[in-house]
Amino acid sequence: MIEKIHLIPGPVKTSNKVKLAAMVDVAPWGSEFTQIYSSVKSRITKLANGSDDHTTVIIPGCGHFVMEAILRSFVSGKILIPDTGNYSKRLTKLATECGLIVMSMSVPPTKKVDHIELEKILIENPDIKHVGLIYSETGTGVVHDIDAIGTVVNNNKRRMIVDAVSAFGALPINLENHPEIDAFGATANKCLEGLPGLGIITVRLERYYKNMKTLYTGICHMGLIPVIGHEAQGPIIINVHGPNHSSKWDAHKFSTDLYERGLIISPWPPLDTPSFRIGCIGAVTDDDINNALKIIRETMPSHF
Ligand SMILES: Cc1ncc(COP(=O)(O)O)c(C=O)c1O
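The rules behind the values
Residues numbered from 1 in each chain as written. Predicted model: local features only at pLDDT ≥ 70, side-chain atom pairs only at ≥ 80, totals over all residues. Helix = DSSP H or I, 4+ residues; strand = E, 2+ residues; numbered from the N terminus. Rg over C-alpha atoms; globule rule 2.2 N^0.38 Å. Buried ≥ 20, exposed ≤ 12 C-beta atoms within 10 Å, placed from the backbone. Contact = placed C-beta atoms within 7 Å. Pairing = 2+ DSSP bridges. Core = buried A, V, L, I, M, F, W, Y, C linked by C-beta atoms within 7 Å. Domains from an automatic or database assignment. Nonpolar A, V, L, I, M, F, W, Y, C, P; charged D, E, K, R; others polar. pLDDT = per-residue confidence, 0-100. Axes fitted to C-alpha atoms, helices over the stretch in contact; angles between N-to-C directions. Parallel < 35°, antiparallel > 145°, perpendicular 65-115°, else oblique. Left-handed = near helix turned anticlockwise from the far one by under 90°.

### Some remarks on the overall build of the chain
Part 1 of the argument: Broken down by element type, the chain carries nine helices and eleven strands.
Part 2 of the argument: For 304 residues, the compact-globule formula gives about 19 Å, and the C-alpha radius of gyration of the chain, at 20 Å, lands near that figure.
Part 3 of the argument: Along the longest, intermediate and shortest principal axes, the C-alpha atoms of the chain span 55 × 55 × 30 Å.
Part 4 of the argument: Per-residue burial over the chain gives 39% buried out of 304 residues.
Part 5 of the argument: At a minimum sequence separation of 6, the contacts of the chain that also span at least 24 residues come to 68%.

Okay, structure coming up:
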C-alpha cells in the first residue's frame, strides 16, 4: 500500500517512533506498565501546568466518551454551552442525555466567543452553574479565548469544563491560572500525536502554526477563500469555501479524488456552506504540506 499524506484533524499521522513503541507488548500487571502509566499521567498534568491539586485520569475511549465522563462527574443543574460549531452541538447533546439543563449562546461560526456577552448571560441567569467551552472548535478551526472566558467565569463564581480534544498538546492550558476549570478532556490521537488510547506527549504548536500558515497562503494563492479570517484562524484545522461558492460542489467526491491522488482530508465538512477542511496537525513535514497543496491545485479544476 502506498502511504498517503494524512491531513485530517485526527486521528493524525503518527511518527515511526510512536509506531515502534506500540510494537512492544507490556504486561498490564507488571511494574513496567505501572511506571509508564504513572509517568504518562504526571507528564500530562505537567503539560497542563497542573499543581498537586490536579491529577490525570486515563480512560480508554474516544473524545466524546471523555467529555461525557466529565459532564456526568463534574456538572449538575444548568450549563451554558456557547454554540461554536459541531462539537459544541455534540457536547450539548451529551449534556442533555446526561439530564442536564443546557442553555445555548449563539456564536457566529467564524468568530470567537464574545466573553462580554457571555458575562451578561451569566449575570442574567444566576442558576447557571457551569460553562462548557470547546477550546479549539474542530468544526470551524476557530480557537476560542480560554483566558478571557475563564476570567469571566471565575469572576462570576461559576465553574468551567473544557473540551480540549483538538487543542491539548498544541495550545496552552495553564491550570494554575484557571481555578474555575474543574476538568478538561483530551485524547492521545490528536495534538499529542499518539495512537488512539495512550499517547506520547510532545508540544508542537510552532510546527502546526507553520503548517496552517503555508496551507492558508497556498489556498489563497489558488484563488480559494478560507472560511475563517486571519484573526480567528487556529493552528489545528482550516475550512475552505468550495470554488466560487459553487452549488455543484460535492465535498465527498472532492475528498475521494484527493484520496486517489494520495491526500487524505476529512470527507465531512461540518459547515452549512459548500466547503472542505484540511487538518494542520500530525507528524507531517513541510514537503507533505507542499505536496498536499499541489494535489489540491491539480484536483480542483475538475470540481468547478
Ligand atoms: C473538539 C472535539 N471534541 C470532541 C471530539 C470527539 O472525539 P472522538 O472523535 O475521539 O470521539 C472531537 C473529534 O474530532 C473534537 O475535535
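Moving on from the model shown.
### Concerning the pairing of strand 9 (residues 237–241)
Part 1 of the argument: Strand 9 sits mainly inside the fold: four of its five residues count as buried.
Part 2 of the argument: Note that strand 9 and strand 11 (residues 275–279) share five bridges and pair antiparallel. Residue valine 240 lies in a different strand from strand 11, and its bridge partner there is phenylalanine 276.

### Focus on the nonpolar core
Nonpolar side chains tend to gather and get buried jointly when the protein is soluble and globular.
Part 1 of the argument: Of all hydrophobic cores here, the largest spans 72 residues; its most connected members are Tyr135, Val162, Ala164 and Ile238.
Part 2 of the argument: Take this core: its biggest share by element is five residues, from helix 7 (residues 205–221).
Part 3 of the argument: When residues are assigned to domains, this core turns out to be shared by domain 1 (16–185) and domain 2 (204–303), each giving three or more.

### A closer look at the domain arrangement of the chain
Part 1 of the argument: By the assigned domains, the chain splits into domain 1 (16–185) and domain 2 (204–303).
Part 2 of the argument: Relative placement of domain 1 and domain 2: their C-alpha centres are 26 Å apart.
Part 3 of the argument: The interface of domain 1 with domain 2 comprises 17 residues on the first partner and 17 residues on the second.
Part 4 of the argument: Of the residues that constitute the side of domain 1 that touches domain 2, the class distribution is five nonpolar, ten polar and two charged.

### Concerning the confidence of the model for the chain
Low pLDDT marks regions whose predicted coordinates should not be analysed in detail.
Part 1 of the argument: Across the chain, pLDDT averages 89, with 96% of residues at or above 70.
Part 2 of the argument: Note that pLDDT drops below 50 for residues 198–204; the model gives that stretch 25 contacts with residues more than four away or on any other chain.

### Remarks on the packing of helix 3 (residues 63–74) against helix 4 (residues 86–97)
Any two packed helices are characterised by how steeply their axes cross, that is the angle between the axes, and by the distance between the axes.
Part 1 of the argument: Interaxial distance between helix 3 and helix 4 falls to 10 Å at its minimum, and their mutual angle equals 45 degrees. Taken together, the axis directions place helix 3 and helix 4 in an arrangement best described as oblique. Crossing geometry of helix 3 relative to helix 4 is assigned as right-handed. Of the residues in helix 4, those touching helix 3 at His64, Met67, Glu68 and Leu71 are Arg90, Leu91, Leu94 and Ala95.
Part 2 of the argument: Looking at the contact of helix 3 with helix 4 residue by residue, the classes come out as five nonpolar, one polar and two charged.

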